[in-house]
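So the chains spell out like this:
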Amino acid sequence: MTKTFKQFKLLPEILRALEKKGYETPTPIQAQSIPILMEGHDLIGIAQTGTGKTASFLLPIIHLLARYKKKVKPARVRALILTPTRELASQIEENLKLYGKGLALSSAVVFGGVSSKPQIKNMQKGVQVLIATPGRLLDLMHEGHVIYDQLEFFVLDEADRMLDMGFINDIKKIIKVLPDRKQTVLFSATMSKEIEKIADGILHEPKKVEVTPQATTVEKIEQSLVYVEKKKKPLLLKEIVHERKIKSALVFSRTKHGCDRIVKNLEKFKITAASIHGNKSQTARETALREFKNGKVQILVATDIAARGIDIPEVEYVFNYDIPNDPANYVHRIGRTARAGKSGMAIAFCDKEEENHLKAVEKTIKSKIPLDKRLTDFARTLKLPEAEKGNQSQGDSRARGPKARDPRSRKKRFKKKKT
Ligand code: AMP
């Protein structure tokens, strides 16, 4: 029997917000988690972004906070949500405001990279829900701006990413000062020994829920591979965006400079684009994301790190402008499309020098990415502007003949160029 949100006996304000947002049925992780949390149990959830996991912890927390109203004293919080990135923190707050509309739950977001003054001010009166990244939260805690004696809920979101990003010690320090009596939720896309250890330390007789592993999400994505010379990638991207009238696409690049170059090229072709990567200020990243979300910018170009955990539900296409050297990133990248039941397209551009990376990716996903022969043939016919022809062969050893394939001769060529 299909579940509806009504079955969870959530407050009418929440049900109205969900209806307005157009959510008809709970996703599998929501169907499993919400009843458990409504009953007051601790929960360990194995699910990645895109499964609807945010609402699966936010909805019951909003319900319980609003159903059993309590005033907070200065600097106090009733619910703490820890998440690895600033983008994710902002998104969670957006969702909180959306689902909790009309319930007057105060909230604050705390993350690094911006001034802490407004964050401290927001905490002065205390808030019902605090969403934070670990580093900045610790700073504010040390200064006495966040106090936990009224804490009732604690969520550790994306626990595996937190560990990947080196937050383990910060998390331990935070956990140590939280009161014992509270309801705790841990979400992670994967389970490892280290996560189990954390879970053991913070969860009390938790119920475990798990949704379809990564591979199944990937199945909904129509993947394809195009062989293309490195120099022709900008042209090919432009042609595909024009031909398919793409309104929103995410383009991944391995490097920050690569991102900027791609944006420059797209803009030359009158395609609106913006990039997010580590060299961009928080404000610039937020602006880029907002403009992409509201359709002002067609293409968002990102590095793997910057894109972690961003939720962009309406993305139609993901381009692997280069093949990632860490094959796990391929799965993360293409997972940005086909979210929450939608289908999506993922196109990978591969030049000859990336074939080893491609092999590693295919080994990881345990299948071959289907070759788009038509696009590969088309890419071959693309004509480079005269000025760029000179070093066109850098990316395609086949085009240069056997001599160029010899790494020693390539070295010489580069050396010669430098001098
Ligand atoms: P999350 O995994 O929490 O990042 O959610 C992924 C996307 O699914 C977000 O864009 C949510 O707005 C959307 N979403 C969450 N729950 C539902 C639902 N029950 N029905 C449709 N979309 C949903």
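Note that the coordinates shown come from a computational prediction; the quantities given were computed from them, not determined experimentally. (Residues numbered from 1 in each chain as written. Predicted model: local features only at pLDDT ≥ 70, side-chain atom pairs only at ≥ 80, totals over all residues. Heavy atoms only, no water.)

(A) Quick look at the overall build of the protein. Helix and strand counts for the protein stand at 20 helices and 13 strands. The proportion of buried residues among the 419 residues of the protein is 53%. The contacts of the protein with a sequence gap of at least 6 include a subset with a gap of at least 24, amounting to 76%. For the protein, the computed accessible surface area is about 21,000 Å², with 53% contributed by carbon and sulfur atoms. (Helix = DSSP H or I, 4+ residues; strand = E, 2+ residues; numbered from the N terminus. Buried < 20%, exposed > 50% of the residue type's maximum accessible area, 1.4 Å probe, protein only. Contact = heavy atoms within 4.5 Å. Areas by Shrake-Rupley, 256 points an atom, 1.4 Å probe, with all protein chains shown as cover.)

(B) Region of interest: the sheet that holds strand 13 (residues 344-350). One open sheet accounts for six strands, arranged 8-13-12-9-11-10; its pairing is parallel. At either end of the open sheet lies a strand with only one pairing partner, and these are strand 8 (221-227) and strand 10 (273-276). On average, each strand axis in the sheet is inclined to that of its neighbour by 20°, with strand direction left out of account. The sheet contacts of helix 11 (residues 233-243) involve strand 8, strand 9 (249-252), strand 11 (299-302), strand 12 (317-320) and strand 13, and relative to strand 13 the element is tilted by about 160°. (Pairing = 2+ DSSP bridges. Axes fitted to C-alpha atoms, helices over the stretch in contact; angles between N-to-C directions.)

(C) Seen up close, the nonpolar core. Counting 39 residues, the largest nonpolar core has I14, F57, L58, L59, I62 and I81 as its most contacted members. Elements that contribute at least two residues to this core include exactly helix 1 (12-21), helix 2 (28-38), helix 3 (53-67), strand 2 (77-82), helix 4 (86-99), strand 4 (127-132), strand 5 (153-156) and strand 6 (183-188). It is helix 3 that contributes the most residues to this core, nine residues altogether. Ignoring sequence-local partners within four residues, the contact set of L59 consists of F5, L10, I14, L18, I34 and Y99. Formed by 34 residues, the second largest nonpolar core is a distinct cluster that contains V146, L151, A159 and L178. (Core = buried A, V, L, I, M, F, W, Y, C linked by side-chain atoms within 4.5 Å.)

(D) How the structure looks around the sheet that holds strand 1 (residues 43-46). Spatially, 3-4-2-5-6-1-7 is the arrangement adopted by the seven strands of the open sheet, whose pairing is parallel. In this open sheet, the two edge strands, each paired with only one partner strand, are strand 3 (107-110) and strand 7 (207-210). The average angle at which neighbouring strand axes cross in this sheet is 15°, direction not considered. Bridging between strand 2 and strand 5 involves four bridges; their strand directions are parallel. Counted as the bridge partner of L80 is F154 from strand 5. In the packing of helix 4 onto the sheet, contacts are made with strand 2, strand 3 and strand 4, and the angle to strand 3 comes to roughly 170°.

(E) A look at the side chain of R78. If you trace the backbone, R78 turns up in strand 2. Discounting chain neighbours no more than four positions away, the residues touching R78 are L64, L65, Y68, K69, K70, V72, V127, Q128, Q150, L151, E152 and F153.

(F) Quick peek at helix 17 (residues 373-381). Inspection of helix 17 places L375, T376 and A379 among the buried residues, and these make up the whole buried set. Relative to the axis of helix 17, the buried residues are bounded by an arc of 100° and lie together on one face. Projecting away from the buried face of helix 17 at angles above 90 degrees are the exposed residues K373 and R380. Elements that come into contact with the buried residues of helix 17 comprise strand 8 and helix 11. Put simply, D372 is the residue that caps the front of helix 17, since its side-chain oxygen is 3.2 Å from the backbone nitrogen of R374. (Arc of directions from axis to C-beta. Polar contact = N/O pair within 3.5 Å; in protein donor to acceptor, adjacent residues only side chain to side chain.)

(G) Fine view of the site of the ligand. Lining the immediate environment of the ligand, one finds 15 residues, of which Y23, Q30, G50, G52 and T54 sit closest. Taking Q30, its side chain carries an N or O atom lying 2.7 Å from a nitrogen atom of the ligand. Between an oxygen atom of the ligand and a main-chain N or O atom of T51, the distance comes to 3.1 Å. Looking at the shell around the ligand residue by residue, the classes come out as five nonpolar, eight polar and two charged. (Near = heavy atom within 4 Å. Nonpolar A, V, L, I, M, F, W, Y, C, P; charged D, E, K, R; others polar.)

(H) View of the environment of I195. Mapping I195 onto the fold places it in helix 9 (residues 193-202). The class for I195 is buried, based on a relative accessible area of 1%. Here I195 is in contact with A159, D160, L163, L186, S188 and T190, once residues within four sequence places are set aside.

(I) Structural context of the pairing of strand 4. Where burial is concerned, most of strand 4 is hidden: six out of the six residues are buried. One ladder, built from four bridges, connects strand 3 with strand 4; its direction is parallel. Within strand 4, the position partnered with V110 by the bridge is A132. After leaving strand 3, the chain enters helix 5 (residues 117-124) and then returns to the sheet as strand 4, a path that is right-handed. (Right-handed = clockwise from strand over helix to strand, strands pointing away.)

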